[in-house]
Amino acid sequence: MKISFASPKLPRGGALAVGVLEGGDLGAAAKDVDEATDGALSRAIGSSRFAGKSNQTLIVNAPSGLDATRVVLVGLGKADGLDARAAQAVGGTIVATLEKSGDGAVTVALDAVSEAPLDAARLAANIGYGALLRGYRFDKYRTKEKADDKPSLKRLTVTTAEHARARAAFRPLGEVAEGVFLTRDLVSEPANVIFPASLAERAEALTEHGVEVEILDEKRMAKLGMGALLGVAQGSANAPRLVTMRWNGAPRARDKQPIAFVGKGVTFDTGGISIKPSGGMEDMKWDMGGAGVVIGLMRALAGRKARVNAVGMIGLVENMPSATAQRPGDVVTSMSGQTVEVINTDAEGRLVLCDVFWYCQEKYRPSVIVDLATLTGAIIISLGHENAGLFANDDTLADRLVSAGGAVGEPVWRMPLGDAYDRQIDSDIADMKNVGGREGGSITAAQFLQRFIKEGTPWAHLDIAGVTWSKKNAPTVPKGGTGFGVRLLDRLVREHYEG
Ligand code: BES
Ligand code: MN
Ligand code: ZN
């Protein structure tokens, strides 16, 4: 989808979209169209249930008096509720409505909305942003789709007197969208295409955007003593990788301690010897979702030249059953020196993350660590697909994540940590075991991770198993890989960590 901004004028060809506030009163742009079409809009509204409620739509086809294929009336809701998220939903709804209409282009005629929390420029920019996010599609493997079934809409132009300022406000949003799309692409790819080495290559491509990328292979990881990560990897013919991405955007202090983002990158999770049931196992191609978000986030930060020092680290492995796979009961020694009894080879994500955590802290002494992982099925039982699980050892960091999530529409819900949960993962023969029983499964997983965070480092863990993939369309997120986390963490950085 190509998004642009222009000065107000009626379209020539294509579709036209106009916003209508709740209650159905037409704004200036809609009134112009209504007059040009001899009252077609007000007649259509009068004979329908359209009331301008958020994301309601009404289509007036082929109106006379106007050089447009159709007019889409889109509800803006109440003026005082028209914030950035609501504006994005409006853009997304317009795209969803016209995507397969046959129209190649749509003009969104925008009025300034006086009581809205957004000025005209930011309103326009966010409508464009929402349209862009919803227009995403992963279709590289469709070779036989009929022309009539393919999306037709390619271009959306928002017309506003504030078009220059709108264009400027849109620029960083467009960069964040590129990050979201990269993440969506990576989680959508199948595991025969995305395996540790190939995913590392995709991360390496960020050097084009000014990100420094370093890749460790199996040998280097063995030297560093990453026995937990390597234990997971040993059953696969696809060798593991550990990728570090650095974006040094902080003004002046080049050596300022970075904020670190760590991602679980299990490119396919069969469960290993503790093998999963076959039904639905194809979903485990997106068990690298945390790593996908970290890559997309680094792309977003670099793209908009964020004034921050950030390091992204992803542990990449494939969890397979084979003659060389680790067995339930094996004891592995992590880079931290702590030993782990592997009760269940399907609880592999924490085994990967614990060594990446340790390496990250030893090498960069980050000021903050946020990790993302499709870590547990249990978080889906707790929170469904509406919230990611948030675990943190620091209330300030937790509050910041909750508020950033609310602002961008990627909500996170805080879950507890505590000593009683921690005791569930004590082992009889090693320092800990990798599972703590069914009860509180997401919490004991987080307790495991916390054992690898050094005293004094603010840390938050996002369990994104329920939100990485969606089976239904949402206004700015088409079904499939969501990219959940990129917008959230970009917002976190923008609000709290940019110098
Ligand atoms: N990758 C899975 C978690 C998962 C499940 C992600 C469903 C997305 C959708 C993880 O590695 C796993 O298998 N976790 C186990 C842990 C258990 C063995 C303690 C689980 O959730 O069943
Ligand atoms: Mn697993
Ligand atoms: Zn997994």
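Just so you know, these numbers come straight off a predicted model, no measurement behind them. (Residues numbered from 1 in each chain as written. Chains lettered and ligands numbered in written order. Predicted model: local features only at pLDDT ≥ 70, side-chain atom pairs only at ≥ 80, totals over all residues. Heavy atoms only, no water.)

Engineer: So what exactly am I meant to see when it comes to the coordination of the manganese ion (ligand 2) here?
Structural biologist: In ideal tetrahedral geometry, four donors around a metal make angles of 109.5 degrees, whereas ideal octahedral geometry with six donors gives angles of 90 or 180 degrees. On the protein side, the manganese ion (ligand 2) has D269 (OD), D346 (O), D346 (OD) and E348 (OE) as donor atoms, found 2.0 to 2.2 Å from it. What the six donor atoms of the manganese ion (ligand 2) show is an angle range of 71 to 167° at the metal, which sorts the shape as irregular. For the manganese ion (ligand 2), the single-chain donor residues occur in sequence as D-x76-D-x1-E. For the pair the manganese ion (ligand 2) and the zinc ion (ligand 3), the metal-to-metal distance amounts to 3.2 Å, and D269 bridges them. Taken together, the residues span a long stretch of sequence, with D269 in strand β9 (residues 259–269) and E348 in the loop between β12 (339–341) and α10 (349–364) at a distance of 79 residues. Given the relative accessible area of 2%, D269 is considered buried. Overall, E348 belongs to the buried group, its relative accessible area being 1%. (Donors = N, O, S within 2.8 Å, 3.2 Å for Na, K, Ca; no water. Tetrahedral: all angles 85-135°; square planar, octahedral: opposite > 155°, others 65-115°. Helix = DSSP H or I, 4+ residues; strand = E, 2+ residues; numbered from the N terminus. Buried < 20%, exposed > 50% of the residue type's maximum accessible area, 1.4 Å probe, protein only.)

Engineer: Where do I start with the packing of aromatic side chains in this structure?
Structural biologist: Geometry of an aromatic ring pair is reported as the spacing of the ring centres plus the angle between the planes. Considering all chains together, one arrives at five aromatic pairs under this definition. Both rings, one in Y136 and one in F181, keep their centres 5.3 Å apart while their planes meet at 25°; by these two values the pair is stacked. Of the two residues, Y136 is situated in the loop between α4 (120–134) and β6 (155–159) and F181 in helix α5 (residues 163–188); the sequence distance between them amounts to 45 residues. Here Y136 and F181 have matching classes, each one buried. (Phe/Tyr/Trp six-rings, centres within 6.5 Å; stacked < 30°, edge-to-face > 60°.)

Engineer: Looking at this structure, how should I read unusual backbone geometry?
Structural biologist: Note on backbone geometry: most residues besides glycine have negative phi, and most peptide bonds are trans. Even without glycine at this site, A62 takes up a positive phi of about 40°. Its place among the elements puts A62 in the loop between β3 (57–61) and β4 (70–77). The residue R365 is not glycine, and still its phi comes out positive at about 40°. Considering the arrangement of structural elements, one finds R365 in the loop between α10 and β13 (368–373).

What is shown is where atoms sit, not what they do.
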